[in-house]
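Remarks on the overall topology
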Amino acid sequence: MKREKQAIIFPIGEAIAFSVESIRRRLTRAVITIVSIVLGIAFLSALLTISRIVIALSGPIASAEALPSYQLWMAIIALLVCGVGIVNSMLMSVTERYKEIGTIKTLGAEDFHILELFLIEGGIMGAIGGVIGGILGWGVAFVIYALQSQSSLVSSLVTQAALGSIDLIGYSVILSVVLSLLSSMVPAYMASKLNPVEALRYEV
Amino acid sequence: MASVLRYEYTVETEDLAKNYVMGPITVKALDGVSVKIRRGEYLSIMGPSGSGKTTFFNMIGGLDRPTRGKVYIDEVDIAKLDAYELAWLRARKIGYIFQTFNLIPVLTALENVSLPMIFAGVGREERLERAKQLLERVGLGERLDHKPAELSGGQQQRVAIARALANNPVIVLADEPTGNLDLHTGLDIITLLKNLNSEKGVTIITATHDLKMIDVSDRIFWIRDGKLERIETRKEVSVRPVERE
């Protein structure tokens, strides 16, 4: 039996299609998870956008703290809560799919392939949540300050600061994807290490 | 060039044993089974529930490690393989068929059949082409894009058979392949397995309760209490009245 040691990678397109189908099949849970990501990310994105607008309005002379540290802590806690939510959701997804994982392993999947599938699933949910949450938070902060503006000068400053803060949406998406990947790591690792015989014997 | 080499015995076991420790009790699920299975044979492992059939089956499929003894597949001791090589073996040398079909629910029939080829590194075009041919061979050419939930039990088992054959394995292991099917559909599946066995020369090993399987088997291994009770050829079975379990 001759074999060359070369890693066979699950073609990324098909791995993504597989993961998307898996998410669609358990859509309700995926939506709940994504909503929790959206809320956490939107909160952070709104706080950061507001701080940029406040700095722009107070001008160079103001040394007032634009983003009080307690608010930042609240955002961090919100993100932790969403991380735990993702871990929970992915663990359920793994438990539900014991048999499927066992089957894929008997077909010759390596641990790496299973890891890949679950990380992609987590990453997709993170990306969707990040995009929606980032835009939502930024938009809410912008609208609130724009509505409060009394003069055209203030309103133009707010618009300028908000448009200048559009990069925050990008950061939110990156943060959200990283957070989701980190949270999916443990469940995905557990799935990849399952013994095929035990996984196949498992009845849901 | 592993595929060109021909070994007389596809599977060989030596004093194979497996113990399960359940608290203070050690259960001897398998207790010293030594067999040789020839290339191209159609073999049935029969025995009552709890006799150790499935354990034996998992051992020769490289799914579980024995407590004692050895398993050789194409003269390679599978205990010596690392995780990567074991995955390689499962992908290319062995095809599995299960009682509960175990198709991936989110994938279509075509995708299910092409999945093992992904793990064997086959290119996309070839994968889909071969999967289509296999599905046509098992009589499902019209249902390529159906998901498992849209197929009957017999059809799902046909997809599973096509999937087991995807990488041209030398052995197909079928664990109670007719266990969840009605009499007629079960017979269809048995006939299909037998035809594939003759056509492709693939060794088929089934663990089963189904006495219909005897009619197509070259040899039957009777297992009881973890031990190989006797080995019979089809002729020997047919001259002796078969006891019902």
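As the structure is a prediction and not an experimental result, all values here were calculated from the model.

Quick notes on the overall build of chain A
Helices and strands together make up the secondary structure of chain A, namely eight helices and zero strands. Sequence-ordered secondary structure for chain A, helices as α and strands as β, is α-α-α-α-α-α-α-α. With respect to the principal axes defined by its C-alpha atoms, chain A has extents near 75 × 35 × 25 Å. Counting every position in chain A, which comprises 204 residues, the buried fraction comes to 43%. When contacts within chain A are restricted to residue pairs at least 6 apart in sequence, those whose partners lie at least 24 apart make up 92%.

Overview of the pairing of strand 4 (residues 68-73) of chain B
All names here are of chain B. Sheet topology places strand 1 (residues 9-22) next to strand 4; five bridges connect them, and they run antiparallel. Among the inter-strand pairings, Thr13 is bridged to a residue of strand 4, identified as Val71. Inspection of the sheet shows strand 4 paired to strand 5 (residues 76-77) by two bridges, in the antiparallel sense. Residue pairing across strands places Tyr72 opposite Asp77, the latter belonging to strand 5.

What about the interface of chain A and chain B?
Contacts between the two partners involve 24 residues from chain A and, on the opposite side, 25 residues from chain B. When residues of the side of chain A that touches chain B are traced back to their parent elements, those giving at least two are helix 1 (12-25), helix 4 (98-106), helix 5 (111-148) and helix 8 (196-201) of chain A.

Some details on unusual backbone geometry
Residue and element names in this part refer to chain B. We note that Asp74 has phi near 50°; this positive angle belongs to a residue other than glycine. Take Asp74: it is sitting in the loop between strand 4 and strand 5. Take Asp74: there are 19 C-beta atoms within 10 Å of it, and that puts it in the partly exposed class. The backbone of Asp225 sits at a positive phi, close to 50°, despite the residue not being glycine. Inspection of the secondary structure puts Asp225 in the loop between strand 9 (219-224) and strand 10 (227-233).

Describing the sheet that holds strand 5 of chain B
Strand pairing in a sheet takes place through backbone hydrogen bonds and is either antiparallel or parallel in direction. The strand order across the open sheet built from four strands is 2-1-4-5 (chain B), with neighbouring strands paired in antiparallel fashion. This sheet does not close on itself; its edge strands, each paired only once, are strand 2 (25-38) and strand 5 of chain B.

Regarding the packing of helix 1 of chain A against helix 5 of chain A
Residue and element names in this part refer to chain A. Here helix 1 crosses helix 5 at 65°, and the two axes come no closer than 9 Å. Two packed elements cross with a definite hand, and for helix 1 against helix 5 that hand is right-handed. Every residue of helix 5 that contacts helix 1 at Ala15, Ile16, Phe18, Ser19, Val20, Ser22 and Ile23 is listed here: Glu116, Leu117, Ile120, Glu121, Ile124 and Met125. Here the contact of helix 1 with helix 5 is composed, by residue class, of nine nonpolar, two polar and two charged.

Some details on the nonpolar core
One finds B:Ile45, B:Val113, B:Leu135 and B:Val172 to be the most contacted residues of the largest nonpolar core, which totals 119 residues. Apart from residues no more than four positions distant in its own chain, B:Val172 is found in contact with B:Gly95, B:Ile97, B:Ala164, B:Leu165, B:Val202 and B:Ile204.

A closer look at the confidence of the model for chain B
Chain-level statistics for chain B give a pLDDT mean of 89 and a share of 95% at 70 or above. Our summary of model confidence lists the complex with pTM equal to 0.85 and ipTM equal to 0.85.

Quick notes on the environment of B:Val27
All names here are of chain B. For Val27, the position within the fold is in strand 2. A residue is classified by how many C-beta atoms lie within 10 Å of it, and Val27, with 14 of them, is partly exposed. When the C-alpha atoms of Val27 and Gly226 are compared, they prove to be 9.7 Å apart, with 199 residues separating the residues in sequence. Apart from the residues lying within four places of it in its own chain, the contact partners of Val27 are Asn19, Tyr20 and Met22.

Description of the pairing of strand 7 (residues 171-175) of chain B
Residues and elements named next belong to chain B. Burial of strand 7 is extensive: five of the five residues sit out of reach of the surface. Alternating residues of strand 7 divide into Ile171, Leu173 and Asp175 and Val172 and Ala174, and every residue in both groups is buried. As judged from the four bridges shared by strand 6 (residues 94-97) and strand 7, these two strands associate in the parallel manner. Each residue of the ladder has a partner; that of Gly95, found in strand 7, is Val172. Bridge count for strand 7 against strand 8 (residues 203-208) is five bridges, and the pairing is parallel. Within strand 8, the position partnered with Ile171 by the bridge is Thr203. Crossover strand 7 to strand 8 through helix 6 (residues 183-200) is right-handed.

Definitions and cut-offs
- Residues numbered from 1 in each chain as written.
- Chains lettered and ligands numbered in written order.
- Predicted model: local features only at pLDDT ≥ 70, side-chain atom pairs only at ≥ 80, totals over all residues.
- Helix = DSSP H or I, 4+ residues; strand = E, 2+ residues; numbered from the N terminus.
- Buried ≥ 20, exposed ≤ 12 C-beta atoms within 10 Å, placed from the backbone.
- Contact = placed C-beta atoms within 7 Å.
- Pairing = 2+ DSSP bridges.
- Axes fitted to C-alpha atoms, helices over the stretch in contact; angles between N-to-C directions.
- Left-handed = near helix turned anticlockwise from the far one by under 90°.
- Nonpolar A, V, L, I, M, F, W, Y, C, P; charged D, E, K, R; others polar.
- Core = buried A, V, L, I, M, F, W, Y, C linked by C-beta atoms within 7 Å.
- pLDDT = per-residue confidence, 0-100.
- Right-handed = clockwise from strand over helix to strand, strands pointing away.

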